[in-house]
Amino acid sequence: MPDLSQALEIATATHSGIVRSHNEDSITADAGVGLAVLADGMGGYNAGEVASGIAVAMISAEARKVLAAMNGDMDVQCGEKLLLDQIVRANKAIFQASLNQPQYAGMGTTLVVALWHDNHVIVGHIGDSRMYRLRAGKLEQVTKDHSLLQEQIDSGLITKEQASHSQNKNLVTRAVGIDPEVEPEVHSYPVEASDIFLLCSDGLNDMVTDEDIELTLASLQANLPLAAQQLVQQANDNGGKDNVSVILVRVLRSFPARTGFVDRLKSWFR
Amino acid sequence: MAKLILTLENTLVREVPLDKERITIGRKPSNDIQIENLAVSGEHACIVTILNDSFLEDMGSTNGTLVNGQSIKKHILQNNDVIEIGKYKLKYVAGAPAQAAAPAEDFEKTMILRPSARPAAAKPATLAPAAAAASAKPSMPPPTPTPRLVVPGAAPAAAPAAAVAAAAAKPGEGQLLAAVQILSGPSAGRELDLVKNLTTMGKPGVQVAVITRRPQGYFITHVEGVKFPIVNGKTIDAQAQPLRDHDVIELAGVKMEFFTKK
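Please read all numbers here as calculations on a predicted model, not as lab measurements.

Participant: Please explain the overall build of chain A as it appears in this structure.
Facilitator: For chain A, the helix and strand inventory stands at eight helices and 11 strands. Relative to the globule expectation of 18 Å for 270 residues, the C-alpha radius of gyration of chain A, 19 Å, shows essentially globular dimensions. Once the C-alpha set of chain A is aligned to its principal axes, its extents read approximately 65 × 45 × 35 Å. Out of the 270 residues in chain A, the part that is buried amounts to 57%. Once local pairs closer than 6 in sequence are excluded, the contacts in chain A between residues at least 24 apart make up 72%.

Given below as structure tokens:
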């Protein structure tokens, strides 16, 4: 199995925020396999934590197994399918748990999961957990929320500026574990050395403007753990109304997939 | 429920609850709020309400629609906005405080808007996907034996209003301003205002520190380099160090003074 720990640097931070008593976000990240998963659970009592916990644990464990079995011999499309399959599986597991346990009824989670492979990042998401990319000092949002607000923006009903004042921020149109079926969105993008990717729960982007996120990442990129911690701190300084989680992934160098034995043999005779 | 208070020259004309998804304002009798005044167009403006948000839209009126003195085409109404149409004023009052049904905090939690609950047809002409929102179902309510979610009665209104206002307030506003003045080296005498949340200084690749502006004041933190910054002759550790007026910072061989401005 290819080891990306020389190609990726990862820093994470998660905090319950100022207002909430417990943290319903779950995160995991592993530079070696090039995988990052972030989930923001929802549901009464502890159900939100359970839902996000199941999503993160299942997706990271299963993805590792599949990646190990493939031993790096896969293309980007294959990686997209891998994420798609794992999201569908996690959805089934959470939905089943919510059926079996009355206290978990209606639980669900938003999700963003990213896999770095062959100089690409494959990103799957559901709901309003996001991925951003900082390239050449500019921050861009990679994922598009599945939320009422985003639909209103798309239809031209409101502008992005107006959206930041809306009171309907918390309405997502898709989530993992709510229905027997789920519709994940999975895309892949080429990456460049020194790109920085940010995965975050809405507790960050609701409390900290994109401009301040960009400023933080651009000015603190030399110290990724400090950047992660500063993002969380700014969310809390601005009110910390929600759990806030961030995963920062910096691309240190290119990481082309190892070509298969046959390819290598062919290149010998060229 | 949110409402409009219609007044003419400071005399109350009537109160109109925003109890419909779409409420029209104009001179013609077909409007929900009819204003018989020649300065008002036949179909002047409309208000579309989606859960807690009400959107005001001018329908291409001859004399325009003002909100708080500003001419608008589309506007998300905030509590106490004053809409002016001709000589009439309509004050927007956001809904009553949330009932004791649930703690205010719950309304900010993420909720799922179920796609199955969204009607495909019956969308108003200009403002399309809005209709669905009326049937939003939060996934929060107390456990029920089935995952189907309970529809709360009226959409909770006022609780998140305060939260949004607080979130919109820019951090550090009204906070004291600080600056650093370079004391040594080629740019001695230069002053740098610390107006951003984060200001990095030093030499990239050699030694960099960041000064953060927070509600509680200013802090300096080491970012990169083998050497850590020195404050008042003492090397700081990896933790953020609070800065006080006239602290002297040494960074990448340059001395500077931190000071607050009135």
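Participant: Looking at this structure, how should I read the overall build of chain B?
Facilitator: Each helix and strand in chain B was counted, giving one helix and 22 strands. In chain B, which comprises 262 residues, the share counted as buried stands at 34%.

Participant: I would appreciate a short explanation of the sheet that holds strand β16 (residues 207-214) of chain B in the present structure.
Facilitator: Across a sheet, strands are paired by hydrogen bonds formed along the backbone, either parallel or antiparallel in direction. Residues and elements named next belong to chain B. With antiparallel pairing, four strands are arranged side by side in an open sheet as β15-β16-β17-β20. Looking at strand neighbours, the two that pair on one side only are β15 (198-203) and β20 (241-242), the edges of this open sheet. The pairing of β16 with strand β17 (residues 217-224) spans seven bridges and is antiparallel. Residue pairing in the sheet places Val210 in a bridge with Thr221 of β17.

Participant: Just to check I follow, could you spell out the pairing of strand β11 (residues 244-251) of chain A for this structure?
Facilitator: Regular strands place side chains that alternate from one sheet face to the opposite one. All names here are of chain A. For β11, a buried count of eight out of eight residues is recorded, marking the element as mostly surrounded by other parts of the structure. Here β11 shows two buried faces, one formed by Val244, Val246, Leu248 and Arg250 and the other by Ser245, Ile247, Val249 and Val251. Relative to β11, strand β1 (residues 8-15) runs antiparallel, the two sharing eight bridges. Each bridged residue has a counterpart across the sheet, and for Leu8 the counterpart in β11 is Val251. Sheet topology note: the strand β10 (residues 196-200)/β11 ladder contains five bridges and is antiparallel. Residue pairing for β11: Ile196 is matched across the bridge by Arg250.

Participant: Would you mind going over the environment of Arg190 of chain B with me for this structure?
Facilitator: Relative to the elements of secondary structure, Arg190 of chain B occurs in the loop between β13 (177-182) and β14 (191-193). Classification of Arg190 of chain B by C-beta neighbours within 10 Å gives exposed; the count is 12.

Participant: Teacher, can you tell me more about helix α2 (residues 76-100) of chain A here?
Facilitator: All names here are of chain A. Under the 1.5 Å per step criterion, the end-to-end length of α2 is 36 Å for 25 residues, consistent within 8% with the ideal 36 Å. When we look at burial in α2, the residues that qualify are Gly79, Glu80, Leu82, Leu83, Gln86, Ile87, Ala90, Asn91, Ile94, Phe95 and Ser98. On its buried face, α2 is in contact with α1 (47-70), β4 (108-117), β5 (120-126) and β9 (185-190).

Participant: Got a minute to help me understand the packing of helix α6 (residues 210-219) of chain A against helix α7 (residues 224-237) of chain A in this structure?
Facilitator: When two helices pack together, their arrangement is given by the angle between the helix axes and the distance between those axes. Residues and elements named next belong to chain A. The interhelical angle for the contact between α6 and α7, taken along N-to-C directions, is 155°, at an axis separation of 9 Å. The angle between α6 and α7 falls in the class roughly antiparallel. Two packed elements cross with a definite hand, and for α6 against α7 that hand is right-handed. In this structure, α6 contributes Asp212, Ile213, Thr216 and Leu217 to the contact, and α7 contributes Ala227, Gln230, Leu231 and Gln234. Looking at the contact of α6 with α7, its residues break down into four nonpolar, three polar and one charged.

Participant: Would you mind showing me how to read the sheet that holds strand β21 (residues 247-251) of chain B here?
Facilitator: Residues and elements named next belong to chain B. Pairing is antiparallel in the open sheet, where six strands are placed in the order β14-β13-β22-β21-β18-β19. For this open sheet the edge positions go to β14 and β19 (234-235), each flanked by a neighbour on one side alone. Summarising the sheet, β13 and strand β22 (residues 254-261) pair through six bridges and their orientation is antiparallel. The residue bridging Ala178 from the neighbouring strand is Thr260, located in β22.

Participant: Please explain unusual backbone geometry as it appears in this structure.
Facilitator: Leaving glycine out, the prevailing phi sign among residues is negative, and the prevailing peptide bond configuration is trans. The phi torsion at Ser194 of chain A lies on the positive side, around 80°, for a residue other than glycine. Tracing the sequence through the fold places Ser194 of chain A in the loop between β9 and β10. A count of 13 C-beta atoms within 10 Å places Ser194 of chain A in the partly exposed class. Backbone geometry at Glu9 of chain B places phi at a positive 50°, although glycine is not the residue there. Among the secondary structure elements, Glu9 of chain B is positioned in the loop between β1 (3-8) and β2 (11-17). When the 8 C-beta atoms within 10 Å are taken as the criterion, Glu9 of chain B is described as exposed.

Participant: Would you mind showing me how to read the environment of Lys261 of chain B here?
Facilitator: Residues and elements named next belong to chain B. For Lys261, the position within the fold is in strand β22. In the structure, Lys261 is positioned 85 residues away from Leu176 in sequence and 6.6 Å away in space, judged by C-alpha atoms. If near-sequence neighbours (up to four positions away) are discounted, Lys261 is found in contact with Leu176, Leu177, Ala178 and Ala179.

Participant: Is there a simple way to explain the nonpolar core in this structure?
Facilitator: Most often, soluble globular proteins keep nonpolar side chains buried together rather than apart. Core analysis: the biggest nonpolar cluster contains 101 residues, and Ala36, Ala55, Ala114, Leu198, Leu199, Val246 and Ile247 of chain A have the highest contact counts within it. With sequence-adjacent residues up to four places away left out, Val246 of chain A is seen in contact with Thr12, Ala13, Leu198, Cys200, Leu204, Ala228, Leu231 and Val232 of chain A. Ranked by size, the runner-up nonpolar core spans 26 residues in total, among them Leu157 of chain A together with Leu6, Ile25 and Ala94 of chain B.

Participant: Explanation requested: the pairing of β4 of chain A in the structure shown.
Facilitator: Residue and element names in this part refer to chain A. Burial of β4 is extensive: 10 of the 10 residues sit out of reach of the surface. Residues of β4 alternate between two faces, with Gly108, Thr110, Val112, Ala114 and Trp116 on one and Thr109, Leu111, Val113, Leu115 and His117 on the opposite face, all of them buried. Bridge count for strand β3 (residues 35-42) against β4 is eight bridges, and the pairing is antiparallel. In the strand pairing of β4, Asp40 is matched with Thr110.

Participant: Even after reading the chapter, I still don't get the environment of Met131 of chain A, so can you show me in this structure?
Facilitator: Residue and element names in this part refer to chain A. Tracing the sequence through the fold places Met131 in strand β6 (residues 130-135). Separated by 129 residues in sequence, Met131 and Pro2 place their C-alpha atoms 24 Å apart. Those residues within four positions of Met131 in sequence are excluded, and the remaining contacts are Val112, Ala114, Val123, His125, Val142, Thr143, Phe197, Leu198 and Leu199.

Participant: In this structure, what is going on with the confidence of the model for chain B? I would like to understand it.
Facilitator: When pLDDT drops low, the exact placement of atoms in the prediction is not to be read closely. All names here are of chain B. A residue-level look at chain B finds 71% of positions with pLDDT of 70 or above and a mean pLDDT of 75. The secondary-structure element of chain B with the lowest mean pLDDT is helix α1 (residues 159-168), recorded at 36, while strand β18 (residues 230-231) shows the highest, at 95. Confidence over residues 117-173 falls short of pLDDT 50; this stretch has 109 contacts with residues more than four positions distant or in other chains.

Rules used throughout
Residues numbered from 1 in each chain as written. Chains lettered and ligands numbered in written order. Predicted model: local features only at pLDDT ≥ 70, side-chain atom pairs only at ≥ 80, totals over all residues. Helix = DSSP H or I, 4+ residues; strand = E, 2+ residues; numbered from the N terminus. Rg over C-alpha atoms; globule rule 2.2 N^0.38 Å. Buried ≥ 20, exposed ≤ 12 C-beta atoms within 10 Å, placed from the backbone. Contact = placed C-beta atoms within 7 Å. Pairing = 2+ DSSP bridges. Expected span 1.5 Å × (residues − 1). Axes fitted to C-alpha atoms, helices over the stretch in contact; angles between N-to-C directions. Parallel < 35°, antiparallel > 145°, perpendicular 65-115°, else oblique. Left-handed = near helix turned anticlockwise from the far one by under 90°. Nonpolar A, V, L, I, M, F, W, Y, C, P; charged D, E, K, R; others polar. Core = buried A, V, L, I, M, F, W, Y, C linked by C-beta atoms within 7 Å. pLDDT = per-residue confidence, 0-100.

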